[in-house]
Amino acid sequence: MRIAILGAGAIGAYAGAALHRGGADVHLIARGAHLRALRERGVRVLSPRGDFTAHPHATDDPAEVGPVDAVLLGLKAQHYADCGPMLRPLLGPATAVVAAQNGIPWWYFHGVEGPLAGHRIESVDPGGAVSRAIPVERAVGCVVYAATEIVEPGVVRHIEGTRFSLGEPDRSDSRRCRDLSEAMTAGGLRCPVEPDLRVDVWVKLMGNIVFNPLSALTRSTMAQICRHRSTRDLARTMMNETLDVAARLGVRTDVSVERRLAGAERTGDHRTSTLHDLERGRPMELDVILSAVVELADLTGAPAPTLRAVDAVAGLLNQRVSAPALT
């Protein structure tokens with residue numbers, strides 16, 4: 001397959017390196033010092049599964065790449081609405097756009113039946129801007145169960161996890177999903193094609209909705225949040241409220257809250273991407289993770305009082321980070 005990684009940061013560069021190692025024709029799109037390192041030395045992956053270096057093509061100009069079979073979005077969700085000019089040169093008639101994002105995706109109600117068919121979630125797709133930039137018919141869902149970080153330009157530390165679950169919004173068994181799954185598996189990743197990826201969306205969200213905002217609000221790691229009795233209780237409450245919203249939308253998971261907490265604690269002193277963004281003065285990816293679920297709670301009649309409270313304080317913090325002059 002011919003695959004472009006638009007936003008070859010920690011996850012994007014890791015996936016691109018694995019795909020290249022598996023034989024795919026990979027094109028990394030990045031910028032700055034990271035791009036210079038990728039061009040000069042390739043992607044160096046430091047992993048408990050074995051270090052390796054890959055040398056895919058790297059550029060800051062998608063027009064240099066041209067149409068591909070699939071684009072893997074390594075961007076934060078808040079940048080999706082503005083990615084149209086970068087995405088457009090990569091699109092051919094059948095190009096799939098694989099959104100490796102956290103939280104609730106903009107395609108969530110696409111391809112479903114019932115009263116919410118086609119419903120747009122404002123927190124995720126404000127004014128339809130994301131749908132205009134990335135048409136839903138091109139979307140392939142992707143839920144990432146891997147933790148990575150850039151330790152220096154061109155060098156990615158793989159902390160844990162290799163699973164990239166794929167799925168069509170309309171739950172169909174598509175050739176494009178199977179082809180991408182085979183390409184990622186050849187590179188050493190786990191890549192199941194799920195019959196309904198929405199289940200995975202909520203399983204992953206159980207962790208993100210807790211640890212992303214709480215890590216920023218407390219400046220703590222995942223393990224520290226789990227080991228402190230009061231924040232562990234808070235995390236448990238937030239997860240239960242999240243599962244209530246999911247159930248009202250017809251989604252039930254087989255992963256218990258206690259199992260999710262135990263898994264997060266085992267991750268150790270991992271600093272979430274949200275905490276990294278806060279420390280670097282960047283806007284945090286909270287709309288699709290937290291605000292979207294509060295919006296869905298409104299839609300389904302779920303009380304979700306704790307999620308609403310955390311969304312309020314995290315939202316103010318995000319506003320201050322995004323516009324410090326307003327403090």
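Residues numbered from 1 in each chain as written. Predicted model: local features only at pLDDT ≥ 70, side-chain atom pairs only at ≥ 80, totals over all residues. Heavy atoms only, no water.

*Asks:* I would appreciate a short explanation of the sheet that holds strand S1 (residues 2-6) in the present structure.
*Replies:* Backbone hydrogen bonds hold the strands of a sheet together, and the pairing may be parallel or antiparallel. What the nine strands build is an open sheet, ordered S4-S3-S9-S8-S7-S6-S1-S2-S5; its pairing is mixed. Unpaired on one side and paired on the other, strand S4 (52-54) and strand S5 (57-59) mark the two borders of the sheet. Between one strand and the next, the sheet's axes are offset by a mean angle of 35°, whatever the strand orientation. As defined by bridge partners, strand S7 (residues 91-100) adjoins strand S8 (residues 139-152) across four bridges and the pair is classed as parallel. Bridge pairing links Ala99 to Gly141 in S8. Of the strands in this sheet, S1, strand S2 (25-29), strand S3 (43-46), S4, strand S6 (68-73), S8 and strand S9 (155-167) are in contact with helix H1 (residues 10-21), which crosses S9 at around 75°. (Pairing = 2+ DSSP bridges. Helix = DSSP H or I, 4+ residues; strand = E, 2+ residues; numbered from the N terminus. Axes fitted to C-alpha atoms, helices over the stretch in contact; angles between N-to-C directions. Contact = heavy atoms within 4.5 Å.)

*Asks:* Could you clarify how one ought to interpret the side chain of Thr272 in this entry?
*Replies:* Topologically, Thr272 is positioned in the loop between helix H10 (257-267) and helix H11 (273-279). A distance of 2.6 Å separates polar atoms of two side chains, one belonging to Thr272 and the other to Ser215. Here Thr272 is in contact with Phe211, Asn212, Ser215 and Met222, once residues within four sequence places are set aside. (Polar contact = N/O pair within 3.5 Å; in protein donor to acceptor, adjacent residues only side chain to side chain.)

*Asks:* What is the right way to look at the environment of His34 in this model?
*Replies:* Along the chain, His34 turns up in helix H2 (residues 32-41). Once residues within four sequence positions are removed from consideration, His34 is found in contact with Ala8, Gly9, Ala13, Ile150, Pro153 and Gly154. In terms of polar contacts, His34 uses its side chain to reach the backbone amide nitrogen of Gly154, at 3.0 Å.

*Asks:* Where do I start with the packing of aromatic side chains in this structure?
*Replies:* How two aromatic rings sit relative to each other is given by the distance of their centres and the angle of their planes. Evaluated as defined, the whole model comprises two aromatic pairs. Note on Tyr80 and Trp106: the rings are 5.8 Å apart at their centroids and 85° apart in plane angle, and the pair reads as edge-to-face. Linking Tyr80 in the loop between S6 and helix H4 (84-87) with Trp106 in the loop between S7 and helix H5 (129-133), this pair joins segments that are 26 residues apart in sequence. Residues Tyr108 and Phe109 carry aromatic rings whose centres are separated by 5.0 Å and whose planes lie at 85° to one another, so their mutual orientation is edge-to-face. When its relative accessible area of 3% is taken as the criterion, Tyr108 is described as buried. What makes Phe109 buried here is its relative accessible area of 6%. (Phe/Tyr/Trp six-rings, centres within 6.5 Å; stacked < 30°, edge-to-face > 60°. Buried < 20%, exposed > 50% of the residue type's maximum accessible area, 1.4 Å probe, protein only.)

*Asks:* Help me out: how do you make sense of the pattern of salt bridges in this one?
*Replies:* Note that side chains of opposite charge can pair when their charged atoms are close. In this structure the tally under the stated criterion is 21 salt bridges. Salt-bridge contacts for Glu168 lead to Arg176; the nearest nitrogen and oxygen are separated by 2.6 Å. Note that Asp244 is salt-bridged to Arg248, the shortest N-O span being 3.2 Å. Placement of both Asp244 and Arg248 in helix H9 (residues 229-248) is noted, with a separation of four residues, approximately one turn of the helix. According to the relative accessible area criterion, Asp244 is partly exposed, its value standing at 28%. (Salt bridge = Lys/Arg side-chain N within 4 Å of Asp/Glu carboxyl O.)

*Asks:* For this particular structure, what's the right way to read the pairing of S6?
*Replies:* The side chains of a regular strand alternate between the sheet's two faces. Burial analysis of S6 places five of its six residues in the buried class, the great majority of the element. Pairing between S1 and S6: four bridges, direction parallel. Residue pairing in the sheet places Ala4 in a bridge with Val71 of S6. In terms of strand pairing, S6 meets S7 through five bridges, oriented parallel. By the bridge assignment, Val71 is partnered in S7 with Val97.

*Asks:* Got a minute to help me understand the pairing of S2 in this structure?
*Replies:* With respect to burial, S2 is a largely interior element, four of its five residues being buried. Examined bridge by bridge, S1 and S2 share five bridges and lie parallel to one another. If you follow Leu6 over to S2, its bridge partner there is Ile29. Taken together, S1, H1 and S2 form a β-α-β motif whose crossover is right-handed. Taken together, the three bridges between S2 and S5 define a ladder with parallel strand orientation. Across the sheet, Ile29 pairs through a bridge with Thr59, a residue of S5. (Right-handed = clockwise from strand over helix to strand, strands pointing away.)

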